[in-house]
Amino acid sequence: MRTGFARVKITPEMGAHLAGSGGGEKRRAQCILDDLYARVVVIEAENKKICFISLDVTIITEDYTEKIRRYAQSLGFSPEAVMVHAVQNHSAPSLGHFMLDPDFPEIPSELEYIRGGETKTYQFILEKIFEAIKTANNSLIPVSIGSGIAVNDGLAFNRRAITRDGKARMPWFFSGLQYPLGPTDIKYIEGPVDPEIGALCFRSDDMKIISAILHFTCHPVNVFATKFYAISSDWPGMWSEGIEKMFNTNPLVLNGCCGNINPWPAFVHDFYPDHKKMGNKLAEITQEIISRMTFRKSENLGFVSKKISIPLRSEPEKTIRAKEYLEKNPFPVMLKDNPERVDPEWFQATSIMSVEYARKRGDFIYEIQAFRVGDIAVLGLPGEPFVEGQLEIKINSPARYTFVAHATNQYVGYIPIKQAFSRGGHEATLCYWSKLIPEALEIIVKNSLDMLKELFPEGINE
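The rules we used
- Residues numbered from 1 in each chain as written.
- Predicted model: local features only at pLDDT ≥ 70, side-chain atom pairs only at ≥ 80, totals over all residues.
- Heavy atoms only, no water.
- Helix = DSSP H or I, 4+ residues; strand = E, 2+ residues; numbered from the N terminus.
- Expected span 1.5 Å × (residues − 1).
- Buried < 20%, exposed > 50% of the residue type's maximum accessible area, 1.4 Å probe, protein only.
- Arc of directions from axis to C-beta.
- Contact = heavy atoms within 4.5 Å.
- Core = buried A, V, L, I, M, F, W, Y, C linked by side-chain atoms within 4.5 Å.
- Pairing = 2+ DSSP bridges.
- Phe/Tyr/Trp six-rings, centres within 6.5 Å; stacked < 30°, edge-to-face > 60°.
- Lys NZ or Arg CZ within 6 Å of the ring centre and 35° of its normal.
- Salt bridge = Lys/Arg side-chain N within 4 Å of Asp/Glu carboxyl O.
- Axes fitted to C-alpha atoms, helices over the stretch in contact; angles between N-to-C directions.
- Parallel < 35°, antiparallel > 145°, perpendicular 65-115°, else oblique.
- Left-handed = near helix turned anticlockwise from the far one by under 90°.
- Polar contact = N/O pair within 3.5 Å; in protein donor to acceptor, adjacent residues only side chain to side chain.

Draft legend 1. Quick peek at helix α1 (residues 62–73). Over its 12 residues, α1 extends 16 Å from the first C-alpha to the last, a length consistent with the 16 Å expected when each residue adds 1.5 Å. Taken as a whole, α1 has its buried residues at Tyr-64, Thr-65, Ile-68, Arg-69 and Ala-72. Seen along its axis, α1 keeps its buried residues to an arc of 140 degrees; they face one direction. Next to the buried residues of α1 lie β4 (48–55), β5 (82–86), α2 (119–137) and β19 (364–373).

Below you can see the structure in the form of structure tokens.
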């Protein structure tokens, strides 16, 4: 097995639109807390070659994944062997228009940001990704591999709080004004977290760790919540930076299924999100994981990709109301006190109608990728699945460890558990970021496990 790594800066210029806030608001970058990067790991063995691309961006859309794969194809990669992962950082741009359906009618070019970003930023990031792939592909050296995991329950928290009326809301910070009684409207937290911290490391023949694939599961929204107009790589960047300093190596982060996971707790008094503290803690734990690793040579490399059809949700009454509203207001309605933000009612109508435009094309075509590196599985799942799906996959996976990368290759939106739909909330209310049927996660989990069994017929799972 041979491995190559590259890291290329993709920090946009000041004033660039930062994605992740929703609502059609122009969010201009005003400062840089830390740089953004495109990180690439290329692995080659037995005449097979795979490519992991991890981006400090909010979202990657399918059209940009296709452009990246076409470039990678020119370097000898199969398109199915290229995984493009957005860590889902909310203090960064997106890579592609994702807030409205591609078939939604054109809006004025000066309001392009309503669709989720700006083309000039996309082009800049794309060229840097090409550079990173080429560099990684040209730097392959023989390696041994080692892997390990740890668990920690104090870094990520389920963000689906169920209130007295049985509905879901997203907890914010527990204010000192509420202490010591707490947010008493919350009756319980809907679901679990994934406490696993994972590392897959590549060591050269001179005993140096040259790169690593790191895995944790949590929305990168610390800076988003505290410094809204700042550019930052949040906890994935700080984790990578910590490992770089400890081992003089080049890590890459795969963020897991964090559709319902945030980095702040619902019941901790006066908690303040700190991306550096979180990243440093992850690095400290990872240092212990790596210190206990056993490394070995391996030529076992494989990949499989599958596209499945998933129906879209249909709520006719909401769709009819949205259509009627847009017939009366076909052009963006801007707020009087903020001419760079659309009226929430207009945005909600466009988001619901975007689901209808997608429905007209038929079922959603969802791509699952599964890679094998030695006895480790890496699974790529588009969208923001709830963590329950990832946990079921990990429990039933035949691999020794299974690292899941959400937000891969295409924009989907949230993929909740079936029970969440009756409770509503941000992730389960019909709109363009919540458009698949309630059974979608179950369909994805089943197909994912079938693919992993295909890659691991011997059933390792130690």
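Following the structure, the description resumes.
Draft legend 2. Layout of the nonpolar core. Ranked by internal contacts, the top residues of the largest apolar core, which has 58 residues, are Ile-114, Tyr-366 and Leu-381. Counting residues per element, the ones that place at least two in this core are β16 (301–310), α6 (316–328), α7 (344–360), β19, β20 (376–380), β23 (414–415) and α9 (440–455). The greatest single-element share of this core, amounting to eight residues, is contributed by α9. For Ile-114, the residues in contact, after removing those within four places along its chain, are Gly-24, Met-99, Leu-100, Ile-107, Pro-332, Val-342, Trp-346 and Phe-347.

Draft legend 3. Quick peek at the sheet that holds strand β10 (residues 186–189). Judged by pairing direction, the sheet is antiparallel, and its three strands sit side by side in the order β9-β8-β10 without closing on themselves. Where the open sheet ends on each side, the last strands, each with one partner, are β9 (168–169) and β10. Looking at chain direction, strand β8 (residues 161–163) and β10 are connected through three bridges and run antiparallel. Of the residues in β10, the one forming a bridge with Thr-163 is Ile-186.

Draft legend 4. Inspection of the packing of aromatic side chains at higher detail. As enumerated under the stated definition, the model contains 15 aromatic pairs in all. Seen in terms of ring centroids, Phe-224 and Phe-228 are 5.5 Å apart; in terms of plane orientation they differ by 55 degrees. Their pairing is tilted. Centre to centre, the rings of Phe-303 and Phe-371 are 6.4 Å apart; their planes meet at 75 degrees, and the pair counts as edge-to-face. Here Phe-303, found in strand β16, pairs with Phe-371, found in strand β19; they are 68 residues apart in sequence, far enough to count as distant. On the accessibility criterion, Phe-303 (29% relative accessible area) is partly exposed. Residue class for Phe-371 comes out buried when judged on its relative accessible area of 0%. Here Lys-49 stacks its cationic end above the ring of Phe-77, 4.4 Å away from the centre of that ring. In this arrangement the basic side chain of Lys-67 is found over the ring face of Tyr-64, its NZ or CZ atom lying 4.3 Å from the centre.

Draft legend 5. Looking closely at the pairing of strand β11 (residues 196–204). Burial analysis of β11 places nine of its nine residues in the buried class, the great majority of the element. Here strand β6 (residues 141–151) pairs with β11 via nine bridges, running antiparallel. Bridge assignment links Ile-149 to a residue of β11, and that residue is Gly-198. Note that β11 and strand β12 (residues 209–216) share six bridges and pair antiparallel.

Draft legend 6. Main features of the pattern of salt bridges. Tallying each qualifying case throughout the model produces 30 salt bridges. A salt bridge links Lys-245 to Glu-241; its shortest N-O distance comes to 3.3 Å. Taken together, the residues span about one helical turn, with Lys-245 and Glu-241 both in helix α4 (residues 234–247) at a distance of four residues. Residues joined by salt bridges that share partners form a network here, namely Arg-159, Arg-160, Glu-190, Arg-423 and Glu-427.

Draft legend 7. Expanded view of the packing of α6 against α7. Axis separation between α6 and α7 bottoms out at 9 Å; the angle between their running directions is 120 degrees. On the basis of the axis angle, α6 is oblique to α7. Crossing of α6 against α7: the hand is left-handed. Contacts from Lys-318, Thr-319, Ala-322, Lys-323, Tyr-325 and Leu-326 of α6 reach α7 at Glu-345, Trp-346, Ala-349, Thr-350, Ile-352, Met-353 and Glu-356.

Draft legend 8. How the structure looks around the sheet that holds β20. Spatially, β16-β19-β20-β22 is the arrangement adopted by the four strands of the open sheet, whose pairing is mixed. Both outer strands of the open sheet, β16 and β22 (401–405), are each paired with one neighbouring strand and no more. Between one strand axis and the next, the sheet turns through 20 degrees on average, direction left out of account. Here five bridges tie β20 to β22, and the two strands are oriented parallel to one another. Within the sheet, the bridge partner assigned to Ala-377 lies in β22 and is Thr-402. Together, β16, β19, β20 and β22 form the strand contacts of α9, whose direction differs from that of β16 by roughly 155 degrees.

Draft legend 9. Representation of the side chain of Ser-354. Following the sequence through the fold, Ser-354 ends up in helix α7. When its relative accessible area of 0% is taken as the criterion, Ser-354 is described as buried. Polar contacts involving the side chain of Ser-354 include one to the main-chain amide nitrogen of Asp-101, which spans 3.1 Å. Those residues within four positions of Ser-354 in sequence are excluded, and the remaining contacts are Leu-100, Asp-101, Phe-104 and Tyr-432.

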